[in-house]
Amino acid sequence: MSTMISISYSKEDLDNMALCVWKEARGEGELGMKAVADVIVNRARAWYPIHDNPIHATVYAHNQFTSMSVPSDPEYNLQPKEGDVQYAFCQSICEPIILGQMSDITNGALYYANVKTMTSGWFVNVISGSDGKGTENHPLKAVIGKQSFYA
């Protein structure tokens, strides 16, 4: 049994994580939104475990979630309307996922994409492979809705 790395977070981190999940996956249903939240926490644990603010570092890392970090992304300035049901769902899952109270449906994935619409040559070459089944260093871990998730 592996020990889960505990990460610190604040109310602001929960709000930023929920906004990122909403921007990135609101069209993917509850499972798709949960999967993106899982990826955020997986990255925070894998890449920023001793960072003072691992959720913030993950959500705002350059080019990781472009809806949060790249001003030219069409989602960058988008905010949910009051009463948005999908955003409320995103808010409801972030803390339980950080605390390990919900199982990781991505099986530890750090990357994801819709391989049918993605245009990044880097992602194909390094992560997904031309067949979408992953590369040697980044195997396919799950397919949830239209998204493929990789280690």
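Presented here is a report on the structure given in the accompanying data block. The structure displayed is predicted, hence computed values, not measured ones.

### Looking at the packing of helix α1 (residues 11-25) against helix α2 (residues 29-47)
In step 1: For the pair α1 and α2, interaxial distance at closest approach is 9 Å and the crossing angle is 130 degrees. In terms of axis orientation, α1 runs oblique to α2. Handedness of the α1/α2 crossing: right-handed. Contacts from Met-17, Cys-20, Val-21, Glu-24 and Ala-25 of α1 reach α2 at Gly-29, Gly-32, Met-33, Val-36, Ala-37, Ile-40 and Val-41.
In step 2: Taken together, the residues of the contact of α1 with α2 sort by class into nine nonpolar, two polar and one charged.

### Section: the side chain of Thr-106
In step 1: In this structure, Thr-106 sits in the loop between α5 (85-98) and β1 (111-113).
In step 2: Of note is the side chain of Thr-106, whose polar atom sits 2.6 Å from the side chain of Asp-104.
In step 3: Sequence-distant contacts of Thr-106, that is, excluding residues within four places in its chain, are made with Ala-35, Asp-38, Val-39, Asn-42, Lys-141, Ala-142, Ile-144 and Phe-149.

What counts, and at which threshold
Residues numbered from 1 in each chain as written. Predicted model: local features only at pLDDT ≥ 70, side-chain atom pairs only at ≥ 80, totals over all residues. Heavy atoms only, no water. Axes fitted to C-alpha atoms, helices over the stretch in contact; angles between N-to-C directions. Helix = DSSP H or I, 4+ residues; strand = E, 2+ residues; numbered from the N terminus. Parallel < 35°, antiparallel > 145°, perpendicular 65-115°, else oblique. Left-handed = near helix turned anticlockwise from the far one by under 90°. Contact = heavy atoms within 4.5 Å. Nonpolar A, V, L, I, M, F, W, Y, C, P; charged D, E, K, R; others polar. Polar contact = N/O pair within 3.5 Å; in protein donor to acceptor, adjacent residues only side chain to side chain.

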